[in-house]
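# Report on the structure
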Amino acid sequence: MRNRWAPALILLLVALAIRAWDFGNPVIKVDEQYYLLGGDLMLRGAVPFIDIWDRKPLGLFVLFAGIRMLPGNGILAYQLLATACAWATALVIGRAAKAIGANDRGALAAGAAYLLGISLVGGGGGQAPVFYNLLMAAAGLLTLRLPAKAAAGRTGAIVVSGIGACLLAGIAIQLKYTPMFEGAFFGVAHIWFFRRAGGSWAKLVPAAAIWALMGLAPTLAAIGWYLAKGPTAFDAFWFANFASITLRRGYPAGQLAMRLLGIAGQLSPLLIATALTWRARARGGVASETMVVGYAWLGSALVGFFAIGTFFDHYALPLVAPLAILAAPTLGRSIRMLALAIAVPVVILVVERVVNRNDSKGAYQVARIVEANSGGECPYVFIGDTITYHLAHACVPTPYAFPNMLAYATEQGATGIDEAGEVRRILAGRPPVIVTSDRRLSVWNPGSLHAVKAILARDYRPVFTTPRNKWHTIVYLRNDRPFRS
């Protein structure tokens, strides 16, 4: 019994050792701040894509709305849930690693490598893939078991497996749309192995229809909810979820190349181990087929990664699970590769912890000052942390509260509104406090930036500054208002 639970306990300790440092930190990543804000606003009656705008699916805001129903302000709650999901995903990865032939050491190493890997590429908090990777890993495990089921002629088991895998993928798609590529692969794999098991076309057609329905059901439910609210609500939903991404501008090629190189460098031990596993794979039989399924899964995850094309580090999070699984056989038989796969991310994470400051204290200070000086009116975070609205118990002056949408040229023309015009509308309401930054970027929306700079110079004064990453967050107070410390 002790040996049975030892790997789970070890992985739990690894997860806590990596992530507990940031428990309570409200500014781990900008995205999860916005999800929490959106979930909180939902509980107060806001409708996503109308009252709070983003491109993420409805399910992600529902998840964070559920988190906000837990005790506290939601920050520690989402971080604990994310840690639990990361740990559970590592356990599933260990099971999947054994399915492709890894020994016990390799399976445990794969789970630890996953926990380290996601922290390297922006998954140390509550990014969407930290939650849905658990669903995709479970669906992937079901898919990896198909060759053995097909060899045994277990068509009924394959049908049940397909229902589970496609439903899991469907739920994940409502947390972010890129899992649709992996979900499509899981469905195709079940069709292929159903036929390999001797299943007839007459049975396959209804089975495949059920699998497709399972994959689509959560998104169809979201569509139905907005249809029930009327054409205006549905149009807003459709534009935000499916149309706006095609209007988004790209980033400079050099910037994209550097991001891609950074991701490849951080995940290089897993990439090398995965390549070595392929070289040493068995030829022929169920074991070989299972391995091929694993690499095909990785390929489908890569399609989702390249489909977005912006190469922010957290877009690589869905790659870490299949990479860790495929690296496991190599990690189990090579001490050198095991040491490399563990040592490289540990060193990087330790260096980051030492070099990068913890901005948690400053974020709470900003929120307290914004709350004390807003006087029941809506402040405006032009560039800064959207968690400020939540921590300051403040109203939000615009549905486009995620700063990039109104402040970055990459979003210009992609939100369905005149972004600079929306900034001017907010400023015309004379917000009591404006939060901005001295950060210098090449992708500012010039109209938005000009409007903010002009009004700050005329009607506002800086009252508080705090370090934030490599720049500073600055709080401006309207000149006619006395400063409240």
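The structure under discussion appears in the preceding block.
Rules behind the numbers
- Residues numbered from 1 in each chain as written.
- Predicted model: local features only at pLDDT ≥ 70, side-chain atom pairs only at ≥ 80, totals over all residues.
- Heavy atoms only, no water.
- Helix = DSSP H or I, 4+ residues; strand = E, 2+ residues; numbered from the N terminus.
- Rg over C-alpha atoms; globule rule 2.2 N^0.38 Å.
- Contact = heavy atoms within 4.5 Å.
- Areas by Shrake-Rupley, 256 points an atom, 1.4 Å probe, with all protein chains shown as cover.
- Lys, Arg positive; Asp, Glu negative; His and termini not counted.
- Charge placed at Lys NZ, Arg CZ, Asp CG, Glu CD.
- Phe/Tyr/Trp six-rings, centres within 6.5 Å; stacked < 30°, edge-to-face > 60°.
- Buried < 20%, exposed > 50% of the residue type's maximum accessible area, 1.4 Å probe, protein only.
- Lys NZ or Arg CZ within 6 Å of the ring centre and 35° of its normal.
- Disulfide = S-S within 2.5 Å.
- 1 Å grid on protein atoms, 1.4 Å probe; cavity = no way out; pocket = protein on both sides within 12 Å on 5 of 7 lines; lining within 4 Å.
- Points joined across faces, edges and corners; volume = space filled by probe spheres on them.
- Nonpolar A, V, L, I, M, F, W, Y, C, P; charged D, E, K, R; others polar.
- Expected span 1.5 Å × (residues − 1).
- Arc of directions from axis to C-beta.
- Axes fitted to C-alpha atoms, helices over the stretch in contact; angles between N-to-C directions.
- Parallel < 35°, antiparallel > 145°, perpendicular 65-115°, else oblique.
- Left-handed = near helix turned anticlockwise from the far one by under 90°.
- Pairing = 2+ DSSP bridges.

### Quick look at the overall build of the protein chain
- Within the protein chain, the regular secondary structure consists of 21 helices and four strands.
- Against the 2.2 N^0.38 benchmark of 23 Å for 485 residues, the protein chain shows a C-alpha radius of gyration of 24 Å, consistent with a compact globule.
- Referenced to the eigenvectors of the C-alpha coordinate spread, the extents of the protein chain come out at roughly 80 × 50 × 45 Å.
- Counting only contacts in the protein chain whose residues sit at least 6 apart along the sequence, the fraction spanning at least 24 positions is 75%.
- Of the roughly 20400 Å² that the protein chain leaves accessible, carbon and sulfur atoms contribute 65%.
- Separation between the mean location of the 44 positive side-chain charges and that of the 23 negative ones in the protein chain comes to 10 Å.

### Focus on the packing of aromatic side chains
- Under the defined criterion, the tally for this structure stands at 29 aromatic pairs.
- Arranged with centres 5.7 Å apart and planes meeting at 50°, the rings of Phe49 and Tyr226 form a pair that is tilted. In this pair, Phe49 is assigned in the loop between α2 (30-43) and α3 (58-68) and Tyr226 in helix α10 (residues 201-228), connecting sequence segments 177 residues apart.
- Overall, the relative accessible area of 0% leaves Tyr226 in the buried class.
- Relative to Trp297, the ring of Phe186 lies with its centre 5.9 Å away and its plane at 65°, an arrangement referred to as edge-to-face. With Phe186 in helix α9 (residues 179-196) and Trp297 in helix α14 (residues 285-308), this residue pair connects regions lying 111 residues apart in the sequence. You'll find Phe186 and Trp297 in the same group, each marked buried.
- A cation sits over an aromatic face here: Lys229 above Trp225, 4.5 Å from the ring centre.
- Between the NZ or CZ atom of Arg439 and the centre of the ring of Trp471, over which it lies, the distance is 4.1 Å.

### Observations regarding the state of the cysteines
- Evaluated as defined, the whole model comprises one disulfide.
- Paired through a disulfide, Cys378 and Cys395 show a sulfur-sulfur distance of 1.9 Å. Between Cys378 and Cys395 the disulfide shows an S-S torsion of about -130°. By sign, it is left-handed. With Cys378 in the loop between α17 (360-374) and β1 (380-381) and Cys395 in the loop between α18 (387-391) and α19 (403-407), this pair connects stretches of sequence that are 17 residues apart.

### Description of the layout of surface pockets
- Its volume calculated, the second largest pocket comes out at about 460 Å³.
- Contributing to the lining of the second largest pocket are 17 residues, with Arg4, Pro7, Ala8, Leu91 and Arg95 lying nearest its centre.
- Those elements that provide at least two residues to the lining of the second largest pocket are α1 (2-19), α4 (75-99) and α5 (104-120).
- Sorting elements by how many residues they give to the lining of the second largest pocket places α4 first, with seven residues.
- When grouped by side-chain class, the residues that make up the lining of the second largest pocket number eleven nonpolar, two polar and four charged.

### Examining the environment of Ile118
- Structurally, Ile118 can be placed in helix α5.
- With relative accessibility at 1%, the residue Ile118 sits in the buried group.
- Distance from Ile118 to Leu267, taken between C-alpha atoms, is 9.4 Å for residues 149 residues apart in sequence.
- Once residues within four sequence positions are removed from consideration, Ile118 is found in contact with Arg19, Ala86, Gly123, Gly124, Leu317 and Val320.

### Points about the environment of Leu256
- Residue placement: Leu256 occurs in helix α12 (residues 253-266).
- It is 6.4 Å that separates the C-alpha atoms of Leu256 and Thr310, two residues lying 54 residues apart in sequence.
- Ignoring anything within four residues of it in the chain, the contact list for Leu256 reads Tyr251, Gly309, Thr310 and Phe311.

### So, helix α11 (residues 231-243)
- For α11, built from 13 residues, the straight-helix expectation of 18 Å at 1.5 Å per residue is missed by more than 12%, its first-to-last C-alpha distance being only 16 Å.
- Within α11 the residues assigned to the buried category are Ala233, Phe234, Phe237, Ala240 and Asn241. The buried residues of α11 all sit within an arc of 140° when viewed along its axis, so they share a single face. Residues of α11 that are exposed and angled more than 90 degrees away from the buried face: Pro231, Thr232 and Asp235.

### Some details on the packing of helix α20 (residues 419-428) against helix α21 (residues 446-459)
- In contact at an axis separation of 8 Å, α20 and α21 are set at 20° when each is read in the N-to-C sense. Judged by the inter-axis angle, α20 sits roughly parallel to α21. As for the relative orientation of α20 and α21, their crossing is right-handed in sense. In contact with Glu419, Ala420, Val423, Arg424 and Leu427 of α20, α21 contributes Gly447, Ser448, Ala451, Val452 and Ile455.
- The residue makeup of the contact of α20 with α21, split by class, is six nonpolar, two polar and two charged.

### Section: empty space enclosed by the protein
- Here the structure, examined in full by the defined rule, presents four cavities of 30 Å³ or more.
- Taken together, Pro129, Tyr132, Lys176, Thr178, Pro179, Glu182, Ala301, Gly304, Phe305, His314, Tyr315 and Pro318 form the lining of the largest cavity.
- By residue number, the principal contributor to the lining of the largest cavity is α14, which donates three residues.
- Across the lining of the largest cavity, the residue classes tally to seven nonpolar, three polar and two charged.

### What to know about the sheet that holds strand β4 (residues 471-478)
- Ordered in space as β1-β2-β4-β3, the four strands form an open sheet in which the pairing is mixed. Edge positions in the open sheet fall to β1 and β3 (460-468), since each of these has one partner strand only.
- Note: β3 against β4, eight bridges, orientation antiparallel. Within β4, the residue paired with Pro462 across the bridge is Tyr476.

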